[in-house]
Amino acid sequence: MSNSVGHNLIQQHFLRPTVLEHQSKLKYSSGVPTNSFCATASLNQSPAQPRKYKISTNFYGNSISERKQKLGMGSQRIVKFIPQAVLAADPASEHLGKFNVDGNIELQVDASAPTSGSITLVNFRIMYSSDSLLLHWGGIRDRNEKWVLPSRQPEGTKNYKNRALRTPFVKSGSSSYLKLELDDPRIQAIEFLIFDEARNKWQVSIGFVFITIKNNGQNFHVKLPQRETLVSNISVPEDLVQIQAYLRWERKGKPMYNPEQEKASNKFNNCTEEYEAARAELLEEIVRGATVDDVRAKLTKRNKQEYKETSIQETKSKIPDDLVQIQAYIRWEKAGKPNYSPEQQLREFEEARKDLRSELEKGVSLDEIRKKITKGEIETKVSKQLQNKRYFSVERIRRKERDLMLLLNKHAVKPVEESISVEPKPLTAVECFAKEKELDGSPVMNKKIYKLGENELLVLVTKPAGKTKIHLVTDFEEPLTLHWALSKMAGEWLPPPPDVLPHGSVSLDGAAESRFSTNSSADLPKQVQCIEMEIEDGNFKGMPFVLLSGGKWIKNNGSDFYVEFSQKFKQVQKDAGDGKGTSKALLDRIAEMESEAQKSFMHRFNIASDLMDQAKDTGELGLSGILVWMRFMATRQLIWNKNYNVKPREISKAQDRLTDLLQSIYTTHPQHWELLRMIMSTVGRGGEGDVGQRIRDEILVIQRKNDCKGGMMEQWHQKLHNNTSPDDVVICQALIDYIKSDFDISVYWKTLNENGITKERLLSYDRAIRSEPSFRRDQKDGLLRDLGHYMRTLKAVHSGADLESAISNCMGYRAEGEGFMVGVRINPVAGLPSGFPELLHFVLGHVEDRNVEALLEGLLEARQELRSLLLKSSDRLKDLLFLDIALDSTVRTAIERGYEELNNAGPEKIMYFITLVLGNLALSSDDNEDLVYCLKGWHHAISMCKSQSAHWALYAKSVLDRTRLALASKSEWYQHILQPSAEYLGSLIGVDQWAINIFTEEIIRAGSAATLSSLINRLDPVLRETAHLGSWQVISPVEVVGYVDVVDELLAVQNKSYDRPTILVAKSVKGEEEIPDGTVAVLTPDMPDVLSHVSVRARNCKICFATCFDPNILADIQANKGKLLRLKPSSADVVYSEVKEGELADSSNLKEDGPSPITLVRKQFGGKYAISAEEFTPKMVGAKSRNISYLKGKVPSWVGIPTSVALPFGVFEKVLADKVNKEVDEKLQILKKRLGGGDFGALEEIRHAVLQLEALPQLVQELKTKMQISGMPWPGDEGEQRWEQAWTAIKKVWASKWNERAYFSTRKVKLDHDYLCMAVLVQEVINADYAFVIHTTNPSSGDSSEIFAEVVKGLGETLVGAYPGRALSFLCKKNNLNSPQVLGYPSKPIGLFIRRSIIFRSDSNGEDLEGYAGAGLYDSVPMDEEEKVVLDYSSDPLINDGNFQQSILSSIARAGNTIEELYGSPQDIEGVIRDGKVYVVQTRPQM
């Protein structure tokens, strides 16, 4: 720090208890046991004080006290004592002179030299106060010589004509102070004079003066104290000091210390005093005439006599202990971090020393060894290990046994419809004016609308060719005057040139006044007042102004208005769109306020606080909007500070206000916890009182204590004073890294750049940082200490997710000491669980471990302990939330660091890591039921693995697949709620398009979901290999040749027709899609069921269909896009190869003739609106109804067949033709014509029109009668509403004739769609435990001796419909039906369950035509909506009860075999299990 310190800084800091600072660190070597004081000193960094120097209390108060100093471990050997400039001379120093000048000015000069080394300190104190007092001085080597100018000079010193130096004094109260450090031993004295060169015409009573203070007209001359012989140029080797210290310790009886005694007796201070005493004894011997070699011979001889020869002289003096410690740590890490006894620890130290000695013997220098083993972070880790005395220990917490269901969050989110579709507000008069001006084609450079109470003021800057045009428009009704000027920089008022003044303007001194004129254009909703000015392009950068109305000034929140002429916002690369899927009104408001928010973080956080009520009221989308805005801010996409200075405490207060509001919403809106946590993670904690002010105060302390006021540090200081930001955390870390790297400037820039700070960004600050850091080596230790303290202050304000500060805020602390956090007291959060502080200490102690398993366990345990507190309301809830966010973030960074640990790990360990990360994700997620059940599944998989179950890998693969689906679902949720807001708001406020495009992707990548995805991708191939699953599941094994095309979704191209044979690689296949014309193969990483509709249609149409589990194989096929490939599938693999064009004609899949012409026979109304099962005939109903009727009474009694009735063919047409539905009929005719003309949008309108049909009374009566006779419940008995539900379900079945899949399917085979008729099969719903589909011939291999079946929990719609995940699948040999073989376990997350109800099934005349795969194209609709239930397979007996599983699967297989024997052909059978009983609901020939 320079010698020109401000007076208020002196008042704030110099008047506190002041101490001498030790600015170097000591490192010692020892060969003594670890319980000696020498060994402990070498292994620990603790406070020590070489000598006790009393501090003078002659000045500034009566409470000055001493403080014990910290002694670091470093390589510098010389101890320097640098008194604070404001202290009176130390009584231990030599008094060189006291002078009275002009009778009332007292000058005192003192000097002191250190006990070793060559620096002399000279302190000046003069009872004279001035801001411009200078010491004009030089050194004297010989009285007859000219002054010499020492190279070591205080900061601020200037060279005067190469003849003298001029150094400024420090003013404090009525005195001034100065300190010189002289390191030239040849300088015997200094000569000087003192003068005060008044600045800015400083006037005193005698007029303008140049005051020079001399000693009776002569230069002052002070002789420096003679250096004692013992310290002149002598240094005692450290190995000798260590031996002498050991001998002193022996003479005292080798005192022992336990940890409590260490703390009580301040053992390390004693240790250092012993070292210094030992050094003094050796120096005295040398003064008496002994040489260093004499001393060495004497000590080493005695050493050999008293204890074993240990190579103290030969090796320990050569190899510093810090390197031995690091090498020992590396050895310990490589050994797996075992628990070593104290004796083993000593042996490890000696082995480490041998390692390094071996390197020395090879010719490697110590510097080379140091560079080799201290690169990266290893030194920090060693330091922390030593400090915490866990150098060779691995601790592990004992995690509590908890029910995983306690992690469950189930909070329904109520959609806010009005926030999704917002009616646009009519434009105000001011907005209409702006729109009109913007349409003239001139570039808009700046635009802003200010609120003036109920009125608005528009400032619009456009740039027609070569000019700048400024428009000011307001709907203010009273007469208005503009008081304005121009400026070349912010804050400047320059009088406008006469040629730019609007008509009627008046020029004033430094400004102008112009009257607004009225504009009553018919295009505007109301009258406005406006002014227009045109300025030639030049040096003017902006326009300051205020308004005057009725004698009152109108300002911008108490400040002048200011408009910039340069372009303020980035070019918008994409139109903002209509804001669909967003809280549009909120985002529009944010966009309006963005220019105000750019002034400072204080403004932005206060605006966010003002908008929180609106965000809360619009629910999920409103909070998403706030998150998007804050995230754009945090990622530096928005301006942090613009032409506005704000105090750090004001920023922290605004942060505090915002986080208090978020805390309140968190308490009352648990359904939005996840979004609120994400918002908080973008905002620092803040804090009332002096939390922010410390940022300003403590940088001054750093500069003062470390003598580094100028250059980069001063520029950073100015930035911190005017607008601190999260960038300051990065800058502080960059400085620390730079100093630790031995002042390697490339390290400084590396840290900055890796965290998004470039040179351009540093220059962009209002208080730019233009210089690079440059420090002296003697400043290193003090700066590292003080910047480390300062980082805590910065993080307390800016880094809510910083683990150390988050823990401190919850655990509480009281800071003592000088400068840093002095007097700060934070009380611990009340009600913390027992043992929680120890748990957090464990986490902090292991946070940098390379072996992360124990750390992850600690982090998860801490989060689970916190969970109960986060569910309660408290005034410290946000501190707990920030702690939880920090713990969450640390899990992610730890697991990424621990990937290397898993490289050679077995599947059980990888699965265990997955449980840790998945548990962490569940703790951070809303509506986490699926994640919790995945977690339970992994625990069950680990249990199966440990018990060596034959199916553990197969089961684990199903859990992995489900976890992957859960992550995809979470990703889709983020995309749904965040991306529309990012696109709309980002476009409004000019965010870079690339940042908008990747917004949601970056959110996902920053969380635990991305980490979990990496882990399961690592485990997937291991499980597939263990379970013998291979890389493919072949659903339809057909050899084909085709051109490769790549699509995202099969659904998106299902209506397309390819004009050449095409192999489609589709990322997503749900199961209900139609396969496009021209497609010969579909390959996908997705997991449709083998018996899903799309799978069945692929087999029926002889299309190759397969799932590929290996992303590398799939990527290789995708890379062949446009090329011709041959696919040769087997039952478990697909071989592919590139073929030549000529081979296409010979390929088997093109030789086949097209399908035979298929015709439909139009069905007529048979005279009945409802029929019973006994009346099911081909003329009345389809094959589905007839087959179920045929089974009745023919299958064994253990196979149940549901009771059925039907609405036969022709009923729909009869109802439509009735006069009550005439309007619907006419509308359908029009829509059908449109459809015939190629307007496929008419399909949805037709379905909607069918739902308008009214039921005929005769239909209602006949259906009621048939159902009651059959023993089925009549819906109308429960009320008219229940019948309406049933009638709506019937109409939906009829309307499904016009669903897209069915319509395009009939077109492909040239069926006449008008001839397709729909009967409706009516059955009572069986509330199933499980549902199944059977193919009595293995569909993948064609093996007729095998039955293949798939089973799901709940209703069968999840099996045949578009529900993600796989069903349980199994094979069963027909000759051994009691031994089913499970092929795959279920991964479907959702099951469908329903109350006792009625289902209406489609039964068309086109579903079972030979050569046409019409099954499943039309809808079956239950009267009641199914309940979606998230499934927990870990407690399902079908999964974990072998006997139950064998019984159920065997029953399903036997039922299939029985029905196949009954029909005499392979069957496709659907059924359910209820209370262990098999029910078959339909069967048809297997296609």
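Small disclaimer: the values here were computed from a predicted structure and weren't measured. (Residues numbered from 1 in each chain as written. Predicted model: local features only at pLDDT ≥ 70, side-chain atom pairs only at ≥ 80, totals over all residues. Heavy atoms only, no water.)

## Re the sheet that holds strand β35 (residues 1104-1108)
Taken together, seven strands build an open sheet; the order of strands is β31-β35-β34-β33-β32-β36-β37 and the sheet is mixed. Both outer strands of the open sheet, β31 (1032-1036) and β37 (1134-1138), are each paired with one neighbouring strand and no more. Direction aside, the axes of adjacent strands within the sheet are offset by 35° on average. Strand direction decides the pairing type here: strand β32 (residues 1040-1049) and strand β36 (residues 1124-1129), joined by four bridges, are antiparallel. By the bridge assignment, glycine 1042 is partnered in β36 with leucine 1125. (Pairing = 2+ DSSP bridges. Helix = DSSP H or I, 4+ residues; strand = E, 2+ residues; numbered from the N terminus. Axes fitted to C-alpha atoms, helices over the stretch in contact; angles between N-to-C directions.)

## Topic: the pattern of salt bridges
By the definition in use, this model includes 68 salt bridges. With its nearest N and O atoms 2.4 Å apart, the salt bridge here joins aspartate 884 to arginine 677. Linking aspartate 884 in helix α28 (residues 877-897) with arginine 677 in helix α18 (residues 673-681), this pair joins segments that are 207 residues apart in sequence. With respect to class, aspartate 884 is no different from arginine 677; both count as buried. Of the charged contacts, one joins glutamate 1460 and lysine 1374 as a salt bridge, the two residues approaching to 2.8 Å between their closest N and O atoms. Taken together, the residues glutamate 1460 in helix α47 (residues 1442-1463) and lysine 1374 in the loop between β44 (1368-1373) and β45 (1381-1384) connect sequence positions 86 residues apart. Bridged by salt links that share partners, the residues Arg399, Lys400, Arg402, Glu861 and Glu865 form one connected network. (Salt bridge = Lys/Arg side-chain N within 4 Å of Asp/Glu carboxyl O. Buried < 20%, exposed > 50% of the residue type's maximum accessible area, 1.4 Å probe, protein only.)

## Observations regarding the packing of aromatic side chains
For any two aromatic rings, the description comes down to two numbers: the centre-to-centre distance and the angle of the planes. For the structure on display, the rule yields 27 aromatic pairs. Considering the side-chain rings of phenylalanine 1165 and tyrosine 1169, the 5.1 Å spacing of their centres and the 50° angle between planes classify their relative orientation as tilted. Taking relative accessible area as the criterion, phenylalanine 1165 reaches 27% and is therefore assigned partly exposed. According to the relative accessible area criterion, tyrosine 1169 is buried, its value standing at 5%. Put simply, the rings of Phe1212, Trp1274, Trp1283, Trp1287, Trp1294 and Trp1298 pair up and form one aromatic cluster. Above the face of the tryptophan 640 ring, arginine 761 is positioned so that its terminal group lies 4.6 Å from the ring centre. (Phe/Tyr/Trp six-rings, centres within 6.5 Å; stacked < 30°, edge-to-face > 60°. Lys NZ or Arg CZ within 6 Å of the ring centre and 35° of its normal.)

## Concerning the pairing of strand β25 (residues 528-536)
Pairing of strand β20 (residues 467-474) with β25 involves eight bridges; the strand directions are antiparallel. From the neighbouring strand, valine 473 faces β25, where its bridge partner is cysteine 530. With three bridges connecting them, strand β24 (residues 517-519) and β25 associate as antiparallel partners. Bridging across to β25, threonine 518 finds its partner in glutamine 529.

## Some points on the nonpolar core
With 154 residues, the main nonpolar core has Trp629, Met630, Leu883, Trp938 and Leu978 as its most contacted residues. No other element matches helix α31 (residues 952-988), which puts 15 residues into this core. Beyond its immediate stretch of four places on either side in the chain, tryptophan 938 contacts Met911, Ile914, Thr915, Leu918, Ala956, Val959, Leu960, Thr963, Ile1016 and Leu1019. Residues Leu1256, Leu1263, Trp1274 and Ala1302 belong to the second largest nonpolar core, which totals 48 residues. (Core = buried A, V, L, I, M, F, W, Y, C linked by side-chain atoms within 4.5 Å. Contact = heavy atoms within 4.5 Å.)

## Things to note about the sheet that holds strand β41 (residues 1318-1324)
Read from one edge to the other, the open sheet built from five strands follows the order β38-β40-β41-β47-β48, with strand pairing classed as antiparallel. With one partner strand each, in any of the chains shown, β38 (1171-1172) and β48 (1421-1422) form the two edges of the open sheet. Sheet analysis places β38 next to strand β40 (residues 1204-1207), joined by two bridges and oriented antiparallel. For isoleucine 1171, the partnering residue across the bridge sits in β40 and is alanine 1206. Running at roughly 115° to strand β47 (residues 1398-1404), helix α38 (residues 1183-1191) makes contact with β40, β41 and β47 of the sheet. Packed onto the sheet, helix α42 (residues 1257-1269) meets β38, β40, β41 and β47 and runs at close to 165° relative to β40.

## What to know about the pairing of strand β23 (residues 511-515)
Taken together, the four bridges between strand β21 (residues 481-484) and β23 define a ladder with antiparallel strand orientation. Across the sheet, residue tryptophan 484 finds its bridge partner in β23, namely alanine 512. Pairing of strand β22 (residues 506-508) with β23, which is carried by three bridges, proceeds in the antiparallel orientation. Within β23, the residue paired with serine 507 across the bridge is alanine 512. Once β22 ends, the chain turns through two residues before running back antiparallel as β23, passing glycine 510 with a positive phi of about 85°.

## A short note on the confidence of the model for the protein chain
On average, residues of the protein chain score 79 in pLDDT, and 80% of them are at 70 or above. The low-confidence segment residues 1-92 (pLDDT under 50) makes 245 contacts with residues lying over four places distant or belonging to another chain. In this model, residues 568-574 is a region of pLDDT below 50 whose contacts with residues beyond four sequence positions or in other chains number 18 contacts. (pLDDT = per-residue confidence, 0-100.)

## Re the side chain of arginine 166
One can find arginine 166 in strand β10 (residues 164-168). At 3.0 Å, the side chain of arginine 166 forms a polar contact with the side chain of histidine 136. In this structure, arginine 166 is in contact with Leu134, Leu135, His136, Gly156, Thr157, Lys158, Tyr160 and Phe195, ignoring residues within four places of it in sequence. (Polar contact = N/O pair within 3.5 Å; in protein donor to acceptor, adjacent residues only side chain to side chain.)

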